[in-house]
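Remarks on the overall topology
The chain contents come next:
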Amino acid sequence: MESLGVAFICALVALVIIVVILLFSAIKVLYEYERGVIFNLGRYSSTKGPGVIYVVPIMQTLRKVDMRIKTAEIPRQEVMTKDNIPILVNAVVYFKVVTPEDVIIKIDDHVFAVQQYTQAALRDIIGNNEMDFVLMEREQIAESIQNIVDQETRGWGVDVEAIKIQEIELPAEMKRAMAKQAEAERERRAMIIASQGELSASDNLRQAAENLAKSSGALHLRTLQTIRDIAADPSEKIVLFLPSDISKALEPLVSRKEE
């Protein structure tokens, strides 16, 4: 009898310990950025918010979902544009979970799924546009990809916050061709600016000549000013200035010689 009593006490103590362990294991703590999806015998029961929650052992299971914004990198890949130019593109997608139960029930790995779908959308969008548009309208390309991915992933309980195209790398031959094109464009602009400067200078010279022609002494004053500027230069050059109307003064002598 005593042995039966001892066995009963031991069994009772063991049972109490097991019950205590089960009670403590049933208490779960969710952080502020987490949500708990509870299943009752495999069927969806409810979604719990942050704090201390109780899960019935054996009967219920808990799946935690992180609600913070996640970052998924789209690896560099070669994409053919509409004008048949291969380019290397990599991007980054930012997304977060908005419906925890859908992320657990409707899709297996939502991070991998978003990454793969963004990669496919990126190839489709860039493949339908020419290289110049892709290079100049990078933000518009990213918005188009975001709209496509967001429409698809909304049913998964995921919201795409933003998509950024980090880098677009062109082939070496295309880089050299674009460099030559840019250099030719700069030379064209330089020639246009130089010709415009010459045109403006010629207009100014014409106006100056007209103003000097209005006064007989203006040209002589200008000549004297030029002599003064040259005299300041300590050189051994000798400059002789002749009046501009010397031909008129020599006309009588030439006519007499001919007679």
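See the structure above.
1. Remarks on the overall build of the chain
A tally of regular secondary structure across the chain gives eight helices and eight strands. Within the chain, the fraction of its 259 residues that count as buried is 23%. Considering only contacts within the chain whose residues lie at least 6 apart along the sequence, 62% involve residues at least 24 apart. With an accessible surface of roughly 18,500 Å², the chain has 57% of that area assigned to carbon and sulfur atoms.

2. What about the nonpolar core?
If you look at the biggest cluster of nonpolar residues, it comprises 36 residues, and the most contacted ones within it are Ile87, Val93, Ile126 and Ile145. Excluding its chain neighbours within four sequence positions, the residues that come into contact with isoleucine 87 are Gln77, Glu78, Val79, Thr81, Ile126, Val134, Ile168, Glu169 and Leu170.

3. Examining the pattern of salt bridges
This structure, assessed with the given rule, holds seven salt bridges. The salt bridge partner of aspartate 66 is arginine 68, with a shortest N-O separation of 2.8 Å. Here arginine 68 falls in the partly exposed class, since its relative accessible area comes to 44%. Here glutamate 139 makes a salt bridge to lysine 164, at a shortest N to O gap of 3.9 Å. Residue glutamate 139 is found in helix H5 (residues 138-153), and its partner lysine 164 is found in strand S8 (residues 158-169); the two are separated by 25 residues along the sequence. With a relative accessible area of 40%, lysine 164 lands in the partly exposed category.

4. Focus on the packing of aromatic side chains
The relative placement of two aromatic rings is captured by the distance of their centres and the angle of their planes. This structure, assessed with the given rule, holds three aromatic pairs. Here the aromatic rings of tyrosine 31 and tyrosine 33 are separated by 5.8 Å at their centres, their planes lie at 5°, and the arrangement is stacked. Over the ring of tyrosine 33 we find arginine 68; its NZ or CZ atom is 3.9 Å from the centre of that ring.

5. As for the sheet that holds S8
One open sheet holds the three strands; their spatial order is S6-S7-S8, and the pairing between them is antiparallel. On the outer flanks of this sheet lie strand S6 (70-80) and S8, each paired with one strand and no other. Ignoring strand direction, the axes of neighbouring strands in this sheet form an average angle of 20°. Inspection of the sheet shows strand S7 (residues 86-97) paired to S8 by ten bridges, in the antiparallel sense. If you follow valine 89 over to S8, its bridge partner there is isoleucine 168. Lying on the sheet, helix H3 (residues 110-127) is in contact with S6, S7 and S8; it crosses S6 at an angle near 35°.

Procedures and definitions
Residues numbered from 1 in each chain as written. Predicted model: local features only at pLDDT ≥ 70, side-chain atom pairs only at ≥ 80, totals over all residues. Heavy atoms only, no water. Helix = DSSP H or I, 4+ residues; strand = E, 2+ residues; numbered from the N terminus. Buried < 20%, exposed > 50% of the residue type's maximum accessible area, 1.4 Å probe, protein only. Contact = heavy atoms within 4.5 Å. Areas by Shrake-Rupley, 256 points an atom, 1.4 Å probe, with all protein chains shown as cover. Core = buried A, V, L, I, M, F, W, Y, C linked by side-chain atoms within 4.5 Å. Salt bridge = Lys/Arg side-chain N within 4 Å of Asp/Glu carboxyl O. Phe/Tyr/Trp six-rings, centres within 6.5 Å; stacked < 30°, edge-to-face > 60°. Lys NZ or Arg CZ within 6 Å of the ring centre and 35° of its normal. Pairing = 2+ DSSP bridges. Axes fitted to C-alpha atoms, helices over the stretch in contact; angles between N-to-C directions.

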